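Here are the chains, one letter per residue:
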Amino acid sequence: IATTQDGKVALIVISDQNGSGGVNYDELVDFCLSKGFYSAMNFDGGSSSVMVIRDKIVSRTPTGWTRAVPVSLLVVEKSE
């Protein structure tokens, strides 16, 4: 999760697409800086990291399957 100086929030999942193991800490820092993020926090990674938008999995895993995990970060639009 990262923020910009104008207060926008970005949720990002970086998937391991070619068996390289994804990104290391320094690569993640470089990525965040290149996107202009002001602050960022890294959560757990690995095969348990999956992004779902409106009931559709939008991130990919190298194995093609996702693990069931009991914890999630949920963003819900507030209705008026």
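1. Examining a nonpolar patch on the surface
Moving on, step 1. A surface patch of nonpolar side chains, amounting to about 670 Å² of accessible area, comprises Ile1, Val9, Leu11, Met41, Phe43, Leu73 and Val75.
Moving on, step 2. Relative to the helices and strands, isoleucine 1 resides in the segment before strand E1 (2-3).

2. Some points on helix H1 (residues 25-34)
Moving on, step 1. If you check the start of H1, you find a side-chain oxygen 3.1 Å away from the backbone N of aspartate 26, and it comes from asparagine 24.
Moving on, step 2. Glycine 36 sits one or two residues past H1 and shows a positive phi near 80°.

3. Regarding the sheet that holds strand E3 (residues 39-40)
In a beta sheet, neighbouring strands pair by backbone hydrogen bonds and run either parallel or antiparallel.
Moving on, step 1. Judged by pairing direction, the sheet is antiparallel, and its three strands sit side by side in the order E2-E1-E3 without closing on themselves. The sheet is open, and its two borders are formed by strand E2 (9-10) and E3, each paired with just one other strand.
Moving on, step 2. The pairing of E1 with E2 spans two bridges and is classified as antiparallel. Paired with threonine 3 across the two strands is valine 9, which belongs to E2.

Scoring rules and cut-offs
- Residues numbered from 1 in each chain as written.
- Predicted model: local features only at pLDDT ≥ 70, side-chain atom pairs only at ≥ 80, totals over all residues.
- Heavy atoms only, no water.
- Patch = residues over 30% accessible without salt bridge, like charges linked within 9 Å, V, L, I, M, F, W, Y side chains within 5 Å.
- Areas by Shrake-Rupley, 256 points an atom, 1.4 Å probe, with all protein chains shown as cover.
- Salt bridge = Lys/Arg side-chain N within 4 Å of Asp/Glu carboxyl O.
- Helix = DSSP H or I, 4+ residues; strand = E, 2+ residues; numbered from the N terminus.
- Polar contact = N/O pair within 3.5 Å; in protein donor to acceptor, adjacent residues only side chain to side chain.
- Pairing = 2+ DSSP bridges.

Keep in mind these numbers describe shape, not what the thing actually does.
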